[in-house]
Amino acid sequence: MAVDYDLVILGGSPEGLDAAAEATRLGARVALVCQGLDGRRSPLQRQGLLQTNPNDPLSPPTDSPLSPWQWAVQRATLIAETLTQDDWQQLMVQGVDVIAARGQISGDRPLTLTTPARQLTTRALLLATGHTPSVPDLPGLSAVAYDTPQTFLQRDTLPASVIIWDSAPLGLALAQNLRRWGVAVTLVTPKLRLLPAADPEISQWLAAQLRAEGIDLRLNADLLDVTAQPEGITAKLADASITAASLVVATQPVANLMELGLKAVFQGDRPLTVNAFLQTEHPRIYACGAVLGGDDLPAIARQEAHCALRNALFWNRQRIDYSTIPYALPTQPTVAQVGLTEPQAHQRYSDSQLLVARQSLNQNPKAQWRAATGGFCKLLAHRNGQLIGAHGIGPEATEWIQTVALLMAQKTPWWRLTNFSALPDSFTEILRQATQQWERDRWQPGGWRYDWAENWSNWRRSR
């Protein structure tokens, strides 16, 4: 049966844009239905604002009617608009039919989407609608005015104090940013530790960092009730009551699947699931990015989009492999990871098979020059040479984590890092410093390598 498109992408998320651009390069006829999303603009605006430091030299002119916070919001918005102003036009020039409307799945044979202006038939569909903030079931929450991290960053003014409930990565970044702006922040979470999916050492370090910055961190705390008071919003905990001018709910977001018409092709109300090819229960519908659940991690979403669209266009040939995809969290300093955590590695390998190296930024020249020695790098490897994980926190952690991810994808043994040609005055030098610990162990006196080299030298001297 003839159809209009090879692929329709439902959702103008950043990963949706990436998938549309790549699909046209592969010769496919593609339509992108935006679903009210504005591509990269909103994520870039949030990222820019969270990276803004009130002590930066880029401050508003003395005669500006804007407050420093308003200036920061305006600047982040302007930069985001500048970076994304040609996104949609470039897609259309490449041949993508960009439909700035909402669409619904309305039929299965052929796969059909209905928008206010037209109907689209397609051979395959890619869901890239991202996530939406979740509303937790908290007593009294429906009776108070609260923000999510996304809505809070659109405020014109900052409150004097904030309670942040739960610890999604965007909420952690917001807590740090607000503290730098002089806002009193209380972070309350029911979790035993921050970032449960991260390496435990990363979680401990980040908790210490938040407390050192003056954030009142309450771990393993139950929020019993929320009430509006004349002086603000009061959160009642098991052992205390906290009052602040504003409440931000930073719980784990949920998949944005509302009003997509999935009941037209899926049976029941089961959660959206995918296989290793990112194919849903419907053989011609694929999904990628935050619509699958979890945190909004752009690097993972982009790789999922790449994998899903190739399977949608050329049959299921490419399996998604998360073990070599690096990702970062928007904290200060940045948390970056790739591969297994240390507990996961201990579950998979015996202690005799596992190598763990930890290197502090305190020994890095550039970190010392910048007075930014807070942070570390942890490398995990198998004794056969396979790199299986890397975790770090610190300035430019995203840069050296990508180096490790590339080596892992190419199956390069860890000992190649020992002589890695990193610039001595760069943060990436930390990788060479870390693997030198393992190299020294390999060449300990009494080991076959050292004995062989010593015998070789003895023989050379005797000639």
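Residues numbered from 1 in each chain as written. Predicted model: local features only at pLDDT ≥ 70, side-chain atom pairs only at ≥ 80, totals over all residues. Heavy atoms only, no water.

(A) Spatial organisation of the packing of helix α1 (residues 14-25) against helix α8 (residues 298-314). Between α1 and α8, the shortest axis-to-axis distance is 9 Å and the interhelical angle comes to 40°. In this view, α1 runs oblique relative to α8, as classed from their interaxial angle. Relative to α8, α1 is oriented so that their crossing is right-handed. Every residue of α8 that contacts α1 at Glu15, Asp18, Ala19, Glu22 and Ala23 is listed here: Ala301, Arg302, Ala305, His306, Leu309, Arg310 and Leu313. (Axes fitted to C-alpha atoms, helices over the stretch in contact; angles between N-to-C directions. Helix = DSSP H or I, 4+ residues; strand = E, 2+ residues; numbered from the N terminus. Parallel < 35°, antiparallel > 145°, perpendicular 65-115°, else oblique. Left-handed = near helix turned anticlockwise from the far one by under 90°. Contact = heavy atoms within 4.5 Å.)

(B) Spatial organisation of the sheet that holds strand β11 (residues 223-229). Pairing within the open sheet is antiparallel, and its three strands lie in the order β11-β12-β13. Taken across any chain shown, the strands that pair with only one partner, and hence form the sheet edges, are β11 and β13 (241-244). Taking each pair of neighbouring strands and ignoring which way they run, the sheet shows an average axis angle of 20°. The pairing of strand β12 (residues 232-237) with β13 spans four bridges and is classified as antiparallel. (Pairing = 2+ DSSP bridges.)

(C) Expanded view of unusual backbone geometry. In this structure, Pro110 follows Arg109 across a cis peptide bond, with omega equal to 0°. Structurally, Pro110 can be placed in the loop between β4 (104-108) and β5 (111-114). For Glu259, which is not glycine, the phi torsion reads 60° and is therefore positive. With respect to the secondary-structure elements, Glu259 resides in the loop between β15 (254-255) and β16 (285-287).

(D) Molecular detail of the pattern of salt bridges. Considering all chains together, one arrives at 17 salt bridges under this definition. Of the charged contacts in the structure, one is a salt bridge between Asp38 and Arg41, with a shortest N-O distance of 3.8 Å. By relative accessible area, which is 28% here, Asp38 ends up partly exposed. Across the pair Arg370 and Glu396 runs a salt bridge whose closest N-O atoms are separated by 3.3 Å. Linking Arg370 in the loop between α10 (365-369) and β20 (376-382) with Glu396 in the loop between β21 (387-393) and α11 (397-409), this pair joins segments that are 26 residues apart in sequence. Assessed through its relative accessible area of 29%, Glu396 is described here as partly exposed. (Salt bridge = Lys/Arg side-chain N within 4 Å of Asp/Glu carboxyl O. Buried < 20%, exposed > 50% of the residue type's maximum accessible area, 1.4 Å probe, protein only.)

(E) The arrangement of the environment of Ser167 in detail. Of note, Ser167 is situated in the loop between β8 (161-165) and α6 (169-180). Relative accessible area serves as the criterion here: at 5%, Ser167 is assigned to the buried category. Residues Ser167 and Leu195 lie 28 residues apart in sequence; the distance between their C-alpha atoms is 7.4 Å. The residues touching Ser167, leaving out its near neighbours within four places in the chain, are Leu172, Thr189, Lys191, Leu194 and Ala250. For Ser167, the side chain forms a polar contact with the side chain of Thr189, separated by 3.3 Å. (Polar contact = N/O pair within 3.5 Å; in protein donor to acceptor, adjacent residues only side chain to side chain.)

(F) Representation of the nonpolar core within the structure. By size, the foremost hydrophobic cluster in this structure holds 63 residues, and its most contacted members are Leu7, Ile9, Leu126, Ile164, Leu174, Leu187 and Leu194. Looking at which element gives the most residues to this core, the answer is α8, with seven residues. One finds Ala405, Met408, Phe427 and Trp438 within the second-largest nonpolar core, a separate group that totals 25 residues. (Core = buried A, V, L, I, M, F, W, Y, C linked by side-chain atoms within 4.5 Å.)

(G) The arrangement of the side chain of Gln279 in detail. On the secondary structure map, Gln279 appears in the loop between β15 and β16. Dropping the residues within four chain positions of it, Gln279 is found in contact with Thr273, Val274, Ile285, Tyr286 and Asn316.

(H) Spatial organisation of the packing of aromatic side chains. Here the structure, examined in full by the defined rule, presents five aromatic pairs. Seen in terms of ring centroids, Trp69 and Trp181 are 5.4 Å apart; in terms of plane orientation they differ by 90°. Their pairing is edge-to-face. You can see Trp69 sitting in helix α3 (residues 68-84) and its partner Trp181 sitting in the loop between α6 and β9 (184-188), a full 112 residues away along the chain. Summarising the burial analysis for this pair, Trp69 and Trp181 share the class buried. Seen in terms of ring centroids, Trp414 and Trp438 are 5.0 Å apart; in terms of plane orientation they differ by 75°. Their pairing is edge-to-face. Note that Trp414 is positioned in the loop between α11 and α12 (429-442) and Trp438 in helix α12, a separation of 24 residues in sequence. Across this residue pair, the class does not change: Trp414 and Trp438 are buried. Chaining the aromatic ring pairs together yields one cluster made of Trp414, Trp415 and Trp438. When the ring centre of Tyr5 is taken as reference, the NZ or CZ atom of Arg29 above it lies at 5.2 Å. When the ring centre of Phe376 is taken as origin, the NZ or CZ atom of Arg358, which lies over that ring, is 4.3 Å away. (Phe/Tyr/Trp six-rings, centres within 6.5 Å; stacked < 30°, edge-to-face > 60°. Lys NZ or Arg CZ within 6 Å of the ring centre and 35° of its normal.)

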